[in-house]
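Chains, contacts and geometry: an overview
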Amino acid sequence: MKKSLGDLPAEALAGKRALVRVDYNVPLEDGRVADATRIEASLPTLRWLLERDARPVLLSHLGRPRGQPDPEFSLAPVAAALDGLIDADVRFIPECDGERALAGSRELAEGAILVLENTRFVPGETSNNAAVARGFAALGDLFVSDAFGSLHRAHASTVGVTAYLRPAVAGLLVERELEALGSLRESPGRPFIVAFGGAKISDKIELLDAFIERADRLLVGGAMANTFFAAQGLETGRSLVETEAIDDAREILDRAGEMLRLPRDLLVTADSRDPDSEIREVPADSIPADMAALDIGSGTREDFAAAIEGAGAFFWNGPMGRFEDRRFAAGTFGLAEAAARATAAGAFTVIGGGDSAAAVRAADLYDAVSHVSTGGGASLEFLAHGTLPGIEALDDR
Ligand code: ADP
Ligand code: MG
């Protein structure tokens, strides 16, 4: 077990500079924060620190600037948004690794929060450069890791910094993720049902493999199912198929056997871009050569929902269809509703993945499931391996 904020005694926090790695990788539109979910998710940790008279100094990356300052990816609008969400004085300094940042951290008054500039403006961040990590470490008296979605990457601000700054503990957001995902890994309620969808198998092979051993049933939909159909030698028409992954899909099918369930029917259409293009429901082995499968069909929706509603634990990653187009959202929303019903009946339900989380939000069921993971790649990697580089780096309890 790793230490988290709650394990630190009051004197470890009072008056101390808490260097917090947050995940403020938020979408911006016209220089303003378009979706503040990730900022809101950091508030419990920040409030915890402020209530104990710690002085929070925040580091985050935003987007993919190329190791140099790029105004398009500045955290200034994020600091402004945070200021509107928390009852504290929020300061911003447009650098994260120099004298001004260091002086800013030392001069920070109690009750105030300091937001520093994008860590990826510094060349050594993503290469985990030791000097850069040491520079970050000088900004705090303790380190709080709360950027769960970034902890599968060993960067200077997630891993390197912990070599020079102790205590290094999990923030409240990371602690919650570890509890939810850890319980799915260690002792899931039974039956443990897992649903996979989305576009690519190649990103998720390790996890599919891991769940063949650990889950009781694997439900596969979305474009991912098309690649399995191709592996079975079925016609997939103009559906999205990941050709490079067909061999892997065949191996997974062999190993999984009966526990892996593919859709038995599908929604297909000839031209998905044409709003008037006729949509048909066909058996999975009858995709017309000139059409593409874009959602699971009504029979599959019922089968999958029934399996989920009987679950003791449920994990889901990847939409069942191209749900951004409402004509192909029924499968995905149907799964979200089944997950909500399972939760109400006492199952432990977890949704992981950026697009899947967006789908659950669009279905207005975000609060109706047990846990929505904030980390896409990080949650998948944690479920497969049981730890992440950015977790390993923290103090043991
Ligand atoms: P997540 O972000 O939850 O891990 P992915 O990124 O793997 O999910 O996949 C999400 C994308 O997959 C969505 O943009 C969705 O439109 C697309 N998708 C799912 N099923 C299909 C399909 N049958 N045809 C085309 N695109 C699909
Ligand atoms: Mg995605």
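Residues numbered from 1 in each chain as written. Chains lettered and ligands numbered in written order. Predicted model: local features only at pLDDT ≥ 70, side-chain atom pairs only at ≥ 80, totals over all residues. Heavy atoms only, no water.

Considerations on the site of ligand 1
For clarity, the threshold we go by: Whether a residue is near a molecule or strand is decided by its heavy atoms; if any one of them lies within 4 Å of it, the residue is near. The term polar contact refers here to a pair of N or O atoms within 3.5 Å; inside protein, the definition further demands a hydrogen-donor-capable atom paired with an acceptor-capable atom, and it admits residues adjacent in sequence only when both atoms are side-chain atoms. Strands here mean DSSP runs of E at least two residues long; helices mean DSSP runs of H or I at least four residues long; both are numbered from the N terminus. All residues other than Ala, Val, Leu, Ile, Met, Phe, Trp, Tyr, Cys, Pro, Asp, Glu, Lys and Arg, Gly among them, are scored as polar; the first ten of these are nonpolar and the last four charged.
Surveying the vicinity of ligand 1 reveals 18 residues, the closest of which are Lys204, Arg322, Glu324, Asp355 and Ser356. The backbone of alanine 293 places a nitrogen or oxygen atom 3.1 Å from a nitrogen atom of ligand 1. Here an oxygen atom of ligand 1 sits 2.6 Å away from a polar atom, N or O, in the side chain of glutamate 324. Elements with a minimum of two residues in the shell around ligand 1: helix H7 (222-231), strand E14 (292-296) and helix H11 (354-362). With three residues, H11 is the largest single contributor of residues to the shell around ligand 1. Per-class residue counts for the shell around ligand 1 are six nonpolar, eight polar and four charged.

Some remarks on the domain arrangement of the protein
Quick reminder of the rule: The split into domains, and so the bounds of each, comes from an automatic or database assignment of domains. Any two residues whose heavy atoms approach within 4.5 Å are treated as being in contact. Put simply, buried area is how much 1.4 Å-probe accessible surface two parts lose in total, over both of them, once they are put together. Every case where a carboxyl oxygen of Asp or Glu lies within 4 Å of a side-chain nitrogen of Lys or Arg is listed as a salt bridge.
When its domains are assigned, the protein resolves into domain 1 (5-173) and domain 2 (188-384). Tallying the contact residues gives five residues for domain 1 and 10 residues for domain 2. For the pairing of domain 1 and domain 2, the buried interface totals around 610 Å² over both sides, and the portion due to carbon and sulfur atoms is 62%. The largest contributions to the domain 1 side of the interface with domain 2 come from Thr37, Phe148 and His152, which together make up 70% of the buried area. Viewed at the interface, domain 2 and domain 1 are joined by zero salt bridges. Linking domain 1 with domain 2 are zero residue pairs in polar contact (both at pLDDT 80 or more).

Focus: helix H12 (residues 376-385)
Operational definition: The cut-offs for exposure are 20% and 50% of the maximum accessible area for each residue type, with area from a 1.4 Å probe on protein chains only; residues under the lower value are buried, those over the upper are exposed, and the others partly exposed.
All of the buried residues in H12 are Ala378, Ser379, Leu380, Phe382, Leu383 and Ala384. Turning to H12, the residues buried within the fold contact helix H5 (172-186), helix H6 (205-214), strand E15 (313-317) and strand E16 (348-352).

Notes on the pattern of salt bridges
Tallied over the entire structure, the rule returns 16 salt bridges. Residue aspartate 7 pairs with arginine 397 through a salt bridge whose shortest N-O separation is 2.9 Å. Pair noted here: aspartate 7 is in the segment before strand E1 (17-21) and arginine 397 is in the segment after helix H13 (389-392), with a separation of 390 residues, a long-range link. Residues aspartate 325 and arginine 327 are paired through a salt bridge, measuring 2.7 Å at the closest nitrogen-oxygen approach. Aspartate 325 sits in the buried class, given a relative accessible area of 18%. Judged by its relative accessible area of 27%, arginine 327 falls in the partly exposed class.

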